[in-house]
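# Working through the structure, step by step
One-letter residues, chain by chain:
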2 protein chains.
Amino acid sequence: MVPFNVTVLGNGSAVPTSFQNPTSQLLNYNGKRFLIDCGEGTQMQMIKYNTGHKHIDNIFISHLHGDHYFGLIGFLNTLHLFGRTKPVNIYAPSQIKEIIDVQLSAANTKLKFEIKYTFTDKIEGVIYEDNNITVEHFPLNHRITAYGFVFREKQKERKLKKSFVEKYSPSIEQMHKIKQGADFISAEGNVIKNDEITDPPEPSRSYAFCSDTAYYEEIIPYIKGVTLLYHEATFDNSQQDIATEKYHSTAADAARIALKAEAKKLLLGHYSARLKDRSPLLKEACEVFPETVLSEEGKTYEI
Amino acid sequence: MVPFNVTVLGNGSAVPTSFQNPTSQLLNYNGKRFLIDCGEGTQMQMIKYNTGHKHIDNIFISHLHGDHYFGLIGFLNTLHLFGRTKPVNIYAPSQIKEIIDVQLSAANTKLKFEIKYTFTDKIEGVIYEDNNITVEHFPLNHRITAYGFVFREKQKERKLKKSFVEKYSPSIEQMHKIKQGADFISAEGNVIKNDEITDPPEPSRSYAFCSDTAYYEEIIPYIKGVTLLYHEATFDNSQQDIATEKYHSTAADAARIALKAEAKKLLLGHYSARLKDRSPLLKEACEVFPETVLSEEGKTYEI
């Protein structure tokens, strides 16, 4: 299987502290990098964790609270100063353009590369597609317009059985069709069913990013069966009131979503600055959904 | 003498690196803090160096290149989240207001405190004054409109000689006038000259911040005789061409300004990301102006 993983650059909530930074993640699909959110200091976190930034062509911004995008203008500026000419695709609510434009204008900067915008508040469904993956966005339930993202590997090809290839020596064209699910017709005119000559494809992996949001069951159809679910867990059970008031989730909320969505694994983050000890979050989530992990900055999680 | 010093939070130029951050300084006058520039990550540097931020009421932004202000919106947001209600004064080119407003609007944030703007491109001369100091701004020579700042202690009072006070027991009103320079008339009607009964005041200290700018002698009248001069020194002598092209200074340029302005001491900063070894900057500056120091992040310099 090709590499498919996510590096957490920042997993704190609104206010940075000595132990956590605002939200940012770097998704890697076989060397192609996707930046998800870009809080202040994201480029410093990239330096700290030595991730590089050359292979980032696509930047997804969940919503326009500062802890999810204040580092974007600085990151774009750095790409410009490094001489980048390849376009950058930004997927974000439409006000992002004015925010970037006014800052470039104040500095009299004309970027050496083009920014291609996809305004997430103007369209629905799939916002990115290449040969291997799709990215779909879906509404979260927060104080301002906010979107989650799900990165899905496309359905992979079925695998030809060696014994079949050796016996029948099919042409390249035939092999291609069989991998897509076609049956094989032998020189004698016999039909051999596809499932006799192939093995099922590797399962398609998927990653969902859900931050910031209150507990919101409407997201479940979008993230159903996801391999790895990152769901915000700003608060613990004792802070349910403030979570509700601020349209954030508790760790148990995140776990209930993971359970109902039949996720394989749950990754928690967006921790409140007040929580120095995160072990209650893990405990409370595991009581609902045992396959839960606390995200740590600088760590990479396989999908 | 009351404390008057400056802590360097960031002394790098445009691109942050593992060893330097964008420009920011925290000036302290007897506990009152003045923030000068606010590059991305300034609030993280405040946390790292444990400076606090409660006593900052005045923020001075030299110009609107991102490495001098991209951290401002995040810092203001943090003050808001910490519940600040006291107004914040921002002294900056006028486009700053639109930049801040558009980002607050996108987040649907109404700050709990008022921002009082002084637009440095709309007025000349003194932009701040309290009982102890004044701040004057003056044009630098950069690619976009940029200003230096000079913080000056006001002329202090003359000091009464103990022998005079013991002999004549002057009233509080008389002492006040004498400290301002008045002569004393004794009960017998004799005039005693001020300089016989007082010592000269402590010298008034001053701090000038000059970044970003090319070598520019027009600033000298504004910074004449300054106690401590911070002058950008982005490049070394071997990079004179790029310094000229980009409207930056070499360390030797900074030293020539310090010499002609008769500064007491020169502090260098705004180092190019390419210069990992800064000792050539110090050497080249000291050949012109021996009282030169390389600024280091996290260090506090007495004025």
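The numbers attached to residues start from 1 for each chain and follow its sequence in the written order. Just so you know, chain letters begin at A and ligand numbers begin at 1, following the order they were written in. Note on the predicted model: pLDDT of at least 70 is required for a residue's local features to be given, and 80 or more for side-chain atom pairs to be given and counted; whole-chain, interface and lining totals, by contrast, use all residues.

A few words now on the overall build of chain A. Counting its regular elements, chain A contains ten helices and 18 strands. Its C-alpha atoms give chain A principal-axis dimensions of about 70 × 50 × 35 Å. Taking all 303 residues of chain A together, 45% fall into the buried category. Within chain A, contacts between residues separated by at least 24 positions form 64% of all contacts whose residues are at least 6 apart in sequence. Helix and strand definitions follow DSSP, with helices as H or I runs of at least four residues and strands as E runs of at least two, each counted in order from the N terminus. Think of it as a crowd count around each C-beta: if 20 or more other C-beta atoms lie within 10 Å the residue is buried, if 12 or fewer it is exposed, and in between it is partly exposed, with C-beta placed from the backbone throughout. We call two residues in contact whenever the C-beta atoms placed from their backbones are within 7 Å.

All right, on to helix α2 (residues 72-81) of chain A then. Residue pairs three or four apart in sequence face the same way in an α-helix, which turns once every 3.6 residues. Residue and element names in this part refer to chain A. With respect to burial, α2 is a largely interior element, nine of its ten residues being buried. Those residues of α2 that sit buried are Leu72, Ile73, Gly74, Phe75, Leu76, Asn77, Thr78, Leu79 and His80. Of the surrounding elements, those touching the buried residues of α2 are β3 (32-38), α1 (42-48), β5 (88-92) and α3 (95-106). Gly83 sits one or two residues past α2 and shows a positive phi near 90 degrees.

Quick look at the nonpolar core now. With 134 residues, the main nonpolar core has A:Leu229 and B:Leu229 as its most contacted residues. Discounting chain neighbours no more than four positions away, the residues touching A:Leu229 are A:Ala208, A:Cys210, A:Ile223, A:Ala258, A:Ala261, A:Ala263, A:Leu266 and A:Leu267. For this entry, the nonpolar core is defined as buried Ala, Val, Leu, Ile, Met, Phe, Trp, Tyr and Cys residues connected by C-beta atoms within 7 Å.

The interface is formed by 30 residues belonging to chain B together with 30 residues belonging to chain A. Of all the secondary structure elements, the ones that give two or more residues to the side of chain B that touches chain A are α1 (42-48), α2 (72-81) and α3 (95-106) of chain B. Here the side of chain B that touches chain A takes six residues from α3(B), the largest share from any one element. Amino acid classes used here: Ala, Val, Leu, Ile, Met, Phe, Trp, Tyr, Cys and Pro are nonpolar; Asp, Glu, Lys and Arg are charged; the rest, including Gly, are polar. Class assignment of the residues belonging to the side of chain B that touches chain A gives a composition of 14 nonpolar, 13 polar and three charged.

Let's shift gears to the relation of the copies chain B and chain A. Put simply, the two copies of the chain differ by a rotation about an axis and a shift along that axis. Least squares is the method used to superpose the copies, on C-alpha atoms of residues holding a pLDDT of at least 70 in both. Rotating chain B by 180 degrees and moving it 0.1 Å along the rotation axis overlays it on chain A with an RMSD of 0.1 Å. In symmetry terms, the pair is related by a two-fold rotation axis. Looking at the rotation axis and the C-alpha trace of chain B, the residue lying nearest is B:Gly41, at 2.8 Å. Most of the interface of chain B is mirrored in chain A, where 100% of its interface residues again form contacts.

Remember that side chains alternate between the two faces of the sheet whenever the strand is regular. Residues and elements named next belong to chain B. Among the five residues in strand β16 (residues 265-269), four count as buried, and that is most of the element. Two strands qualify as a pair provided DSSP detects at least 2 bridges between them. With five bridges joining them, strand β15 (residues 228-232) and β16 adopt parallel strand pairing. The residue of β16 that forms the bridge with Tyr230 is Leu267. Pairing analysis gives three bridges linking β16 to strand β17 (residues 292-294), with the strands arranged parallel.

Moving on to the environment of A:Thr145. Residues and elements named next belong to chain A. The topology assignment puts Thr145 in the loop between β8 (133-139) and β9 (147-153). Note on Thr145: 17 C-beta atoms within 10 Å, which makes it partly exposed. Sequence spacing of Thr145 and Ser62 is 83 residues, and the spatial spacing of their C-alpha atoms is 8.7 Å. The contacts of Thr145, once residues within four sequence positions are left out, are His63, Pro93 and Asp121.

It is worth spelling out the pairing of β3(A) at this point. Residue and element names in this part refer to chain A. Counting buried positions along β3 gives five out of seven residues, so the element sits mostly inside the fold. The sheet contact formed by strand β2 (residues 24-29) and β3 spans six bridges and is antiparallel. Looking at β3, one finds that Leu27 is bridged to Phe34. Relative to strand β4 (residues 56-60), β3 is paired through four bridges, and the arrangement is parallel. Each bridged residue has a counterpart across the sheet, and for Arg33 the counterpart in β4 is Ile56. Tracing the backbone out of β3, into α1 and back to the parallel element β4 gives a crossover that is right-handed. A clockwise course of the path from the first strand over the helix to the second, judged with the strands pointing away from the viewer, identifies a crossover as right-handed.

Right, let's get into α3(A). Residues and elements named next belong to chain A. To estimate how far a helix should reach, multiply one less than its number of residues by 1.5 Å. Over its twelve residues, α3 runs 17 Å from end to end, which matches the ideal 16 Å to within 8%, given 1.5 Å per residue. All of the buried residues along α3 are Ile96, Ile99, Ile100, Gln103 and Ala106. Looking straight down α3, one finds that the buried residues subtend no more than 135 degrees of arc, so they occupy a single side. Summarising the geometry, the arc corresponds to the directions from the helix axis toward the C-beta atoms.

The next subject is the packing of helix α9 (residues 251-260) of chain B against helix α10 (residues 279-288) of chain B. Residue and element names in this part refer to chain B. In this analysis, axes come from line fits to C-alpha atoms, helices being fitted only over the stretch in contact, and the angle between any two N-to-C directions falls in the range 0 to 180 degrees. The N-to-C vectors of α9 and α10 enclose an angle of 30 degrees; their axes lie 8 Å apart at closest approach. Judged on the interaxial angle alone, α10 and α9 are roughly parallel. Note on packing geometry: the crossing formed by α9 with α10 is right-handed. Residues Ala251, Ala252, Ala254, Ala255, Arg256 and Leu259 of α9 touch α10, and the partners they reach there are Leu281, Glu284, Ala285 and Val288. Taken together, the residues of the contact of α9 with α10 break down into eight nonpolar, no polar and two charged. Should an angle fall under 35 degrees it is taken as roughly parallel, and over 145 as roughly antiparallel, whereas 65 to 115 is taken as roughly perpendicular and any remaining angle as oblique. Whether a crossing is left-handed or right-handed is set by the direction in which the near helix is turned from the far one by less than a right angle, anticlockwise for left-handed and clockwise for right-handed.

Next up on the list: the sheet that holds strand β2 (residues 24-29) of chain B. All names here are of chain B. An order of β6-β5-β4-β3-β2-β1-β18 is seen for the seven strands of this open sheet, with the pairing classed as mixed. Every interior strand has two partners, whereas the edge strands, β6 (115-119) and β18 (300-302), have only one. Direction aside, the axes of adjacent strands within the sheet are offset by 20 degrees on average. Here strand β5 (residues 88-92) runs beside β6; their pairing, made up of five bridges, is parallel. Residue pairing across strands places Asn89 opposite Lys116, the latter belonging to β6.

Moving on, we get to the sheet that holds β5(A). All names here are of chain A. The seven strands lie next to each other as β6-β5-β4-β3-β2-β1-β18, forming an open sheet whose pairing is mixed. Each edge of the sheet is formed by a strand with only one pairing partner; in this case those strands are β6 (115-119) and β18 (300-302). If you compare each strand with its neighbour and ignore which way they point, the axes differ by 20 degrees on average. In the sheet, strand β1 (residues 4-10) pairs with β2 via six bridges, with the strands oriented antiparallel. Bridge pairing in β2 places Gly10 opposite Ser24.

Here we come to the domain arrangement of chain A. According to the domain assignment, chain A consists of domain 1 (4-156 + 202-302) and domain 2 (159-199). Placing a centre on the C-alpha atoms of domain 1 of chain A and another on those of domain 2 of chain A gives a separation of 42 Å. Domain delimitation follows an automatic or database domain assignment.

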